[in-house]
Amino acid sequence: MSFKRDALLLKGDTPGSTIELPFYRVGPSTAPEKVYLQAALHADEQPGTMLLHHLLPMLRQADEQELLRARFVVVPMANPIGMANMVHRTHVGRYDLNTGVNYNRQWPDLFAMIRSSVVGRLGDSDAFNVNLIRKAVASWIEAQQPRTSAEQLRLFLLKEAHDAEFVLDLHCDSDSLPYIYTSPELMPELQDLADWMGAAAVMTAADSGGGSFDEVLPQLYRKVAQTNPGKPVPMASATATLEYRGLNDVFDHYGEQDALRLFGFLCGRGLIEADPGPVPSQTGEATPFEATEIVRVDRTGMVAYRVDLGQRVTKGQPVADLIAMDGPEAFVARTPIVAGTNGLVLTRSLRKYVTRGEGIMKIVGTTPLPARKGGYLLED
Ligand SMILES: [Zn+2]
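Values in this document were obtained by computation on a predicted structure and should not be read as measured data.

Notes on empty space enclosed by the protein
Thought 1: What the rule picks out here adds up to one cavity of 30 Å³ or more.
Thought 2: In this model, the largest cavity occupies a volume close to 30 Å³.
Thought 3: Along the walls of the largest cavity sit Leu193, Trp196, Met197, Tyr244, Asp258, Arg261, Leu262 and Phe265, which together make up its complete lining.
Thought 4: Secondary-structure elements contributing two or more residues to the lining of the largest cavity are α5 (191-197) and α7 (252-268).

Here you go:
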């Protein structure tokens, strides 16, 4: 049996503080493939933690029955630093309180870090090149001397994730259906993941502009491949951000069902030797993230939604009203907010008081929007 609790101790940045990050290693250490699962990198997003709470006993049982064919690293609370960000009874888990940095932005460009150590050394086989790249990444990580607890944390998560064949980062949106962000090269390869998850949408971007965790490894392999034409460099880590509904959707029934579905995906891939049953019915095709409209308000106000999650809307259709909160018609005037594309209402905002420029809805379309092309694609 291999189910093992482990923990990382981070040196805190303030006097007397040490921060513990408990996690689990499961499965035979000699297994050729590795699966890395983390949740709550945005520390206030607990749906993924609830899922992993339900998945861990399933993995433990499969381990006892010797059914695991991969090594699993499970980090249900990937950001213990952010768990401390309580401000006046509100959990600010998305941003580092000290620096203002979004915990899922500005991850390192590993290609820039290891480029010189792989140049001229790539061979003619996938396996050789992947091994070379992973060794270079591991050496770079090893050579770092992190100063802050945040840097220690990032290096640890990268160290555990960099050599995994599957890297799944569990998040949630504000008020949302389940959906996936991933790299264009990984679709339709990961269609089965979307189907098992029951994803309402799969949005792809090679570079969303934010340096998010799920883009680190695909960017690395993409850039090595692009700069070494003629050498085989596969996308060795199937990496995705899985958005498990909204912030408030933390319940056993969701967690258990979602864990069973993820377990089914892992079985389907032969990473666990069990019959997962039939793949749930196929969800839609992936779309470029540039085709998703982030509906923003151009003034402050209170949002009254006219449409529900999952509803299909057409371009020009009013999807919400913004109730004025200042000016001559304060609390009287309502300004319709219209959809800028045909598509599916994927997310809304839990908070209905919104300020100028804020995103209040994502509408998943199929045609890239001119305003989104090549720009910064994320909400914050
Ligand atoms: Zn998140």
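Comments concerning the sheet that holds strand β19 (residues 353-354)
Thought 1: Strand order in the open sheet formed by four strands is β17-β16-β14-β19, and the pairing between neighbours is antiparallel. In the strand order of this sheet, the two ends are held by β17 (334-338) and β19, each with one partner.
Thought 2: Of the pairings in the sheet, the one linking strand β14 (residues 301-305) to strand β16 (residues 318-323) comprises four bridges and is antiparallel in character. Considered in β16, the bridge of Val303 is made with Leu322.

Remarks on the coordination of the zinc ion
Thought 1: Protein-derived ligands of the zinc ion are His42 (ND1), Glu45 (OE), Glu45 (OE) and His171 (ND1), with the metal-ligand distances lying across 2.0 to 2.4 Å.
Thought 2: If you look at the zinc ion, its four donor atoms make angles of 56 to 146° with each other, and the shape they trace is irregular.
Thought 3: Counting gaps between the donor residues of the zinc ion yields the pattern H-x2-E-x125-H. As far as the burial class goes, His42 and Glu45 line up, both buried.

Overview of the side chain of Glu293
Thought 1: Looking at the element boundaries, Glu293 is found in strand β13 (residues 292-296).
Thought 2: Nearest to the buried, unbridged Glu293 among oppositely charged side chains is Arg372, at 8.6 Å.
Thought 3: A distance of 2.7 Å separates the side chain of Glu293 from the backbone nitrogen of Gly340, its partner in a polar contact.
Thought 4: Apart from the residues within four sequence positions on either side, Glu293 is in contact with Ala339, Gly340, Thr341, Met361, Lys362, Ile363 and Leu369.

Remarks on the sheet that holds strand β7 (residues 166-173)
Thought 1: The strand order across the open sheet formed by nine strands is β1-β2-β4-β3-β7-β11-β9-β10-β12, and the pairing between neighbours is mixed. Pairing within the sheet leaves two strands with one partner each, and these edge strands are β1 (4-11) and β12 (287-288).
Thought 2: As judged from the five bridges shared by strand β3 (residues 33-39) and β7, these two strands associate in the parallel manner. Its bridge partner lying in β7, Tyr36 is registered against Val167.
Thought 3: Strand contacts of helix α6 (residues 213-227): β3, β7, β9 (179-182) and β11 (238-246), with the helix running at about 160° to β11, the strand carrying the most contacts.

With respect to the pairing of strand β2 (residues 18-26)
Thought 1: Strand direction decides the pairing type here: β1 and β2, joined by eight bridges, are antiparallel. Paired with Leu8 across the strands is Leu21, a residue of β2.

Re the packing of aromatic side chains
Thought 1: The tally for this structure, following the rule as stated, stands at eight aromatic pairs.
Thought 2: Judged by centre distance (5.1 Å) and plane angle (40°), the rings of Phe3 and Tyr24 are tilted. Separated by 21 residues along the polypeptide, Phe3 in the segment before β1 and Tyr24 in strand β2 bring together distant segments of the chain.
Thought 3: What makes Tyr24 partly exposed here is its relative accessible area of 21%.
Thought 4: Through successive ring pairs, a cluster of aromatic residues spans Tyr36, Trp107 and Phe213.
Thought 5: Positioned above the aromatic ring of Phe3 is the side chain of Arg60, whose terminal nitrogen or guanidinium carbon lies 4.7 Å from the ring centre.

As for the layout of surface pockets
Thought 1: Considering only enclosed or pocket space, the largest pocket measures out at about 1,000 Å³ in volume.
Thought 2: Arg94, Asp173, Ser174, Glu379 and Asp380 are, among the 47 residues lining the largest pocket, the residues nearest its centre.
Thought 3: Considering every element that reaches the lining of the largest pocket, the biggest residue donor is strand β20 (residues 359-364), with four residues.
Thought 4: Across the lining of the largest pocket, the residue classes break down as 15 nonpolar, 17 polar and 15 charged.
Thought 5: Put simply, the second largest pocket is a space of about 530 Å³.
Thought 6: In terms of lining residues, the second largest pocket is bounded by 23 residues, among which Asp13, Ile81, Asp96, Ser149 and Ala150 are the most central.
Thought 7: If one sorts the elements of the lining of the second largest pocket by residue count, helix α4 (residues 149-161) sits on top with six residues.
Thought 8: Looking at the lining of the second largest pocket residue by residue, the class counts come to ten nonpolar, nine polar and four charged.

About the cut-offs
Residues numbered from 1 in each chain as written. Predicted model: local features only at pLDDT ≥ 70, side-chain atom pairs only at ≥ 80, totals over all residues. Heavy atoms only, no water. 1 Å grid on protein atoms, 1.4 Å probe; cavity = no way out; pocket = protein on both sides within 12 Å on 5 of 7 lines; lining within 4 Å. Points joined across faces, edges and corners; volume = space filled by probe spheres on them. Helix = DSSP H or I, 4+ residues; strand = E, 2+ residues; numbered from the N terminus. Pairing = 2+ DSSP bridges. Donors = N, O, S within 2.8 Å, 3.2 Å for Na, K, Ca; no water. Tetrahedral: all angles 85-135°; square planar, octahedral: opposite > 155°, others 65-115°. Buried < 20%, exposed > 50% of the residue type's maximum accessible area, 1.4 Å probe, protein only. Lys, Arg positive; Asp, Glu negative; His and termini not counted. Salt bridge = Lys/Arg side-chain N within 4 Å of Asp/Glu carboxyl O. Polar contact = N/O pair within 3.5 Å; in protein donor to acceptor, adjacent residues only side chain to side chain. Contact = heavy atoms within 4.5 Å. Axes fitted to C-alpha atoms, helices over the stretch in contact; angles between N-to-C directions. Phe/Tyr/Trp six-rings, centres within 6.5 Å; stacked < 30°, edge-to-face > 60°. Lys NZ or Arg CZ within 6 Å of the ring centre and 35° of its normal. Nonpolar A, V, L, I, M, F, W, Y, C, P; charged D, E, K, R; others polar.

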